[in-house]
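Notes for the structure review
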Amino acid sequence: MLNEEICKLREKLNDSILNEPDYNITYQISVELDQLIAQYYSTEMKLATQEKEKQRKHQKEQTIVAK
């Protein structure tokens, strides 16, 4: 979902760079894109951290069972 929004906004930014005479509009689109990208990476980092925690728990459980 975020990925699609990022792609659409990136296209809008590229179009603005090429065709928009008002730099403020291009700048605003760029800021919005930066915010979406930051949100995307924040979400990805949370998911990666959760996955690592699950793996640690699983390894800990396997160690306990093996003893």
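First things first, this report covers the structure right here in the doc. Values in this document were obtained by computation on a predicted structure and should not be read as measured data. (Residues numbered from 1 in each chain as written. Predicted model: local features only at pLDDT ≥ 70, side-chain atom pairs only at ≥ 80, totals over all residues. Heavy atoms only, no water.)

Our next topic: the pattern of salt bridges. For the structure shown, the criterion picks out one salt bridge. Put simply, Glu 53 and Arg 56 hold a salt bridge, and the shortest N to O gap is 2.7 Å. Residue Glu 53 and its partner Arg 56 are both found in helix H2 (residues 23-66); the two are separated by three residues, about one turn of the helix. Judged by its relative accessible area of 39%, Glu 53 is partly exposed. (Salt bridge = Lys/Arg side-chain N within 4 Å of Asp/Glu carboxyl O. Helix = DSSP H or I, 4+ residues; strand = E, 2+ residues; numbered from the N terminus. Buried < 20%, exposed > 50% of the residue type's maximum accessible area, 1.4 Å probe, protein only.)

Residue position: Thr 26 is located in helix H2. On the basis of relative accessibility, which here comes to 10%, the residue Thr 26 falls in the buried class. Apart from residues lying up to four places away in sequence, Thr 26 is in contact with Leu 13, Ser 16, Ile 17 and Glu 20. (Contact = heavy atoms within 4.5 Å.)

Moving on, we get to the nonpolar core. Formed by Leu 2, Ile 6, Leu 9, Leu 13, Ile 29, Leu 33 and Leu 36, the largest nonpolar core amounts to seven residues. Where this core is concerned, the elements lending two or more residues are helix H1 (2-19) and H2. Take this core: its biggest share by element is four residues, from H1. For Leu 9, the residues in contact, after removing those within four places along its chain, are Ile 29, Glu 32, Leu 33 and Leu 36. (Core = buried A, V, L, I, M, F, W, Y, C linked by side-chain atoms within 4.5 Å.)

Turning our eyes to something else, we now look at H1. With 18 residues, H1 extends 25 Å between its outermost C-alpha atoms, agreeing within 8% with the 26 Å of an ideal straight helix rising 1.5 Å per residue. Among the residues making up H1, those that are buried are Leu 2, Ile 6, Leu 9, Leu 13 and Ser 16. Buried positions in H1, seen along its axis, are confined to an arc of 85° and lie on one side of it. Away from the buried face of H1 by more than 90 degrees, exposed residues Glu 4, Lys 8, Glu 11, Leu 18 and Asn 19 are located. (Expected span 1.5 Å × (residues − 1). Arc of directions from axis to C-beta.)

A separate point is the packing of aromatic side chains. Following the criterion strictly, the structure yields two aromatic pairs and no others. Seen in terms of ring centroids, Tyr 23 and Tyr 27 are 6.3 Å apart; in terms of plane orientation they differ by 35°. Their pairing is tilted. You can see Tyr 23 and its partner Tyr 27 sitting in helix H2, four residues apart, about one turn around the helix. Of the residues examined, Tyr 23 reaches a relative accessible area of 58% and is grouped as exposed. (Phe/Tyr/Trp six-rings, centres within 6.5 Å; stacked < 30°, edge-to-face > 60°.)

All right, on to the environment of Leu 9 then. Within the fold, Leu 9 resides in helix H1. When its relative accessible area of 11% is taken as the criterion, Leu 9 is described as buried.

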